[in-house]
Amino acid sequence: MAQAPNPITLGDGPPAVGTRLQELRKAQDLSLDDLSRRSGVSKSMLSEVERNRSNPTIAVLWRLASALGISLTDFLAEKASESSPPVLTLVAAQATPVIRSNDGKCELRILGPIAFAGKLEWYELTIEPGGELASDAHEEGAKEHLSVQNGSLLVQVSGNGQLVRRGETARYAADVQHSITNTGKTAAKAILVVEYSSGV
């Protein structure tokens, strides 16, 4: 998806990332300096994350997981329970991770499981008038499916533009630069699905 430089708003419920990071770092006998060099994440940020004073972005989570030599799923996984997994899990609204743009005009609520990141992702996208979600090219073969629920959104792919209205779905290549813009006068909402060629 688009680059997400802003913190994820986690709310109540998701794993304690800071505690998990500290456990994994100490298990590998790594100092904060060691992990900082491996991941490229500053020591001060690592310290803030471990003390649960800062929520890392998805990009930072990927870098930390890679530096620790584990998958993002394992990084975020809570300790396994001896009981059988539940047949139904409910994620509270306030526990759904949210990414917001710097100007506050774009909001992505991450609806898909974090384990699917980089495979199949889906989001609830809200863009205020004048807002734009611009993305660099994803991996080769990636596609996006944008279904507008309210308002209208302009999708631009490699210089080609298409206005997508309420009830319509646009499907387009995402392995090139692309953007989604609200050129209207009211907020627009859509479901955005990102499909990677590797599949789930």
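Look above for the structure.
Let me sum up the structure you'll find in this document. Predicted, not measured: the structure shown is a model, and the values here were computed from it. (Residues numbered from 1 in each chain as written. Predicted model: local features only at pLDDT ≥ 70, side-chain atom pairs only at ≥ 80, totals over all residues. Heavy atoms only, no water.)

Regarding the sheet that holds strand E8 (residues 169–173)
- Strand order in the open sheet formed by six strands is E1-E2-E3-E10-E5-E8, with antiparallel pairing between adjacent strands. A single partner strand is all that each edge strand has here, and the edge strands are strand E1 (98–100) and E8. Direction aside, the axes of adjacent strands within the sheet are offset by 20° on average. (Pairing = 2+ DSSP bridges. Helix = DSSP H or I, 4+ residues; strand = E, 2+ residues; numbered from the N terminus. Axes fitted to C-alpha atoms, helices over the stretch in contact; angles between N-to-C directions.)

Points about helix H4 (residues 58–68)
- Among the residues of H4, Ile58, Val60, Leu61, Leu64, Ala65, Ala67 and Leu68 are the ones counted as buried.
- Contacts from the buried residues of H4 go to helix H1 (17–27), helix H2 (32–39), helix H3 (43–50), helix H5 (72–76), E1 and strand E2 (106–110).
- Downstream of H4 by a residue or two, Gly69 has a phi angle that is positive, lying close to 75°. (Buried < 20%, exposed > 50% of the residue type's maximum accessible area, 1.4 Å probe, protein only. Contact = heavy atoms within 4.5 Å.)

Here's the deal with the side chain of Asn182
- Among the structural elements, Asn182 can be located in the loop between strand E9 (178–181) and strand E10 (188–195).
- Among the residues examined, Asn182 registers a relative accessible area of 2% and is labelled buried.
- There is a polar contact of 2.8 Å between the side chain of Asn182 and the backbone oxygen of Ile127.
- Each residue touching Asn182, except ones within four places of it in the same chain, is listed here: Ile127, Glu128, Pro129, Gly130, Gly131, Ser152, Leu153, Ala187 and Ala188. (Polar contact = N/O pair within 3.5 Å; in protein donor to acceptor, adjacent residues only side chain to side chain.)

Here's the deal with the sheet that holds strand E4 (residues 132–135)
- Ordered in space as E4-E9-E6-E7, the four strands form an open sheet in which the pairing is antiparallel. Either end of the sheet is taken by a strand with one partner, and the two such strands are E4 and strand E7 (160–165). Between one strand axis and the next, the sheet turns through 15° on average, direction left out of account.
- The pairing of E4 with E9 spans four bridges and is classified as antiparallel. Paired with Leu133 across the bridge in E9 is Ile180.

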